[in-house]
Amino acid sequence: MEEPKVELDDLEVNQERLKLNTNQLKNLRVYGSLNAGMIAGILGMDGWIGIGIYVAIFLIVSACLAIKMNFRVKEYFKSSYDAYYSGIGTDMLLFLMIWVIFHNLVNIL
Amino acid sequence: MSDILIDDRIRDWVFLPIIIVMFMIQMFRGLLTKYMDNKKTTQKVTSKAQVGEMIDKNITQQSQRLARLHGLLPDHSFKMKRAHLCDNKSGILTKASEKPAKDPMQSMSMMNPAAMADMLKQNLSGIVFMAVQYQWVSYFFSGFVIGKVPFPLTQKFRSMLQRGVDVQNLDVRYISSISIYFVLLFGGLQKIQQLMFGDDNDEFVDDTQMQMQMQMMGMPTMPSFGQQNDPGKLFIAERTRLEGVKHSFELNKSQDKAIKSLKRFLIQ
């Protein structure tokens, strides 16, 4: 049986709530990437402008999250870097996939 | 450069079917993993060598737990536990580290029936699906252009993205159907699947990610086989780690920590 890993520094943080929060953040980022991909694909954006749209929507999602948390990041996540900026590369592949699919469906095929 | 417009029938009979079929197979794989996890029963430890391995594993777990959570114990308690493990004559770690190194072939054959079956199942459910999908796409849908990628690419990608299309001057942006397969595979049908499945079960999400990572890395159980070769060195390392631990009881610091937390809450 695997025992859960508990570090001494983490005893101040409620682990289950942090896990729920991180899961929700991951879901939120996936929705954001999907929307960004659809927007970039349907509008027929080209090359670097499309990637710019992805970064812009990512930052908008982070800003909405900040407003929802009333800017008190420490109460909900470990650090502000984690909550706002951390996952940008991992969801970029998802964005590329959705962008290619919608761009083809709407503009070319 | 004028755009090439592609026939409607390619969209109806190639593009959408590839996406839908790959998505369905991904969902099916998710359900299959869930089903296999439910059917997994605990393995009985029967042979003596396996009992010995379990004892070794428990000893290492105990010493690692002590090294990690030493702050929760008061001074005398920590010293007693450490002496029980590390004492020069009668400590468990010193006795265990004097065992001879195990013969690697023998230890691998003991673990084989249980671990190999699991490895085979995981590999089957991953690689077979990928290979079958690749064959299907490249057999039925090869030889024509299916779409266009929106960003500019260099000429080096031509062989990967335009497999089967032999027109030399065609812009690299126009891709054949096998590249849609790659885009979908790496891009993350997994993420969308996680959106649908991941809400009920957190552990399930970790399994699929770990599966993909293990397939990418090749040999998933190398670390555990490496440990079986020489347990003596492992125990000596654990012992030096335990003896080097600077112990301090967290209760002594608790007043300062409480003041810090209260300040943080009261100021906001």
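About the thresholds
Residues numbered from 1 in each chain as written. Chains lettered and ligands numbered in written order. Predicted model: local features only at pLDDT ≥ 70, side-chain atom pairs only at ≥ 80, totals over all residues. Heavy atoms only, no water. Helix = DSSP H or I, 4+ residues; strand = E, 2+ residues; numbered from the N terminus. Buried < 20%, exposed > 50% of the residue type's maximum accessible area, 1.4 Å probe, protein only. Contact = heavy atoms within 4.5 Å. Areas by Shrake-Rupley, 256 points an atom, 1.4 Å probe, with all protein chains shown as cover. pLDDT = per-residue confidence, 0-100. Expected span 1.5 Å × (residues − 1). Axes fitted to C-alpha atoms, helices over the stretch in contact; angles between N-to-C directions. Left-handed = near helix turned anticlockwise from the far one by under 90°. Nonpolar A, V, L, I, M, F, W, Y, C, P; charged D, E, K, R; others polar. UniProt positions renumbered as here; feature names shortened; annotations may be inferred.

Colleague: Whenever I open this one, the overall build of chain A confuses me. Can you help?
Modeller: Tallying secondary structure elements over chain A gives four helices and zero strands in all. Per-residue burial for chain A yields a buried fraction of 37% across its 109 residues. A separation threshold of at least 6 residues defines the contact pool for chain A, and within that pool the share at least 24 residues apart is 78%. In the form shown here, chain A has an accessible surface area of approximately 6,600 Å², with 63% of it arising from carbon and sulfur atoms.

Colleague: I tried to follow the confidence of the model for chain A on my own but got confused; where do I start?
Modeller: All names here are of chain A. The pLDDT averaged across chain A works out to 80; a share of 86% of its residues lies at or above 70. Averaged pLDDT values for the elements of chain A fall to 76 in helix α3 (residues 80-84) and rise to 89 in helix α2 (residues 48-68). Predicted confidence for residues 1-8 stays below pLDDT 50, and this span has 13 contacts to residues more than four positions away or in other chains.

Colleague: Any chance you could explain helix α1 (residues 15-42) of chain A here in plain terms?
Modeller: It helps to recall that an α-helix has 3.6 residues per turn; residues three or four apart then point in one direction. Residues and elements named next belong to chain A. The terminal C-alpha atoms of α1, which comprises 28 residues, lie 41 Å apart, in line with the 40 Å expected from a rise of 1.5 Å per residue. When α1 is considered as a whole, its buried residues turn out to be Leu18, Leu25, Asn27, Arg29, Val30, Gly32, Ser33, Leu34, Ala36, Gly37, Ala40 and Gly41. Downstream of α1 by a residue or two, Gly44 has a phi angle that is positive, lying close to 70°.

Colleague: Just to check I follow, could you spell out the side chain of His70 of chain B for this structure?
Modeller: Residues and elements named next belong to chain B. Assignment of secondary structure puts His70 in the loop between α2 (48-68) and α3 (75-86). Since its relative accessible area comes to 14%, His70 is described here as buried. Discounting residues that sit within four places of it in the chain, His70 has contacts with Phe78, Val245, Lys246, His247 and Ser248.

Colleague: I keep staring at the packing of α1 of chain A against α2 of chain A and nothing clicks. Help me out?
Modeller: Helix-helix packing is described using two parameters, namely the angle between the two axes and the distance between the axes. Residue and element names in this part refer to chain A. Their axes nearest at 9 Å, the elements α1 and α2 cross at an angle of 140°. In terms of crossing hand, the pair formed by α1 and α2 is right-handed. Of the residues in α2, those touching α1 at Leu25, Leu28, Arg29, Gly32, Ser33, Ala36 and Ile39 are Ile53, Tyr54, Ile57, Phe58, Val61 and Leu65. Residues that form the contact of α1 with α2 fall into these classes: ten nonpolar, two polar and one charged.

Colleague: Help me understand the UniProt feature "transmembrane region" (unreviewed entry) in chain A, please; the structure alone is not making it clear to me.
Modeller: All names here are of chain A. What UniProt calls "transmembrane region" (unreviewed entry) maps, in this numbering, to residues 51-71 and 83-102. Measuring from the first to the last C-alpha atom of residues 51-71 gives 27 Å, for a span that is 86% helix and 0% strand. A helix fraction of 65% and a strand fraction of 0% characterise residues 83-102, whose end C-alpha atoms lie 29 Å from each other.

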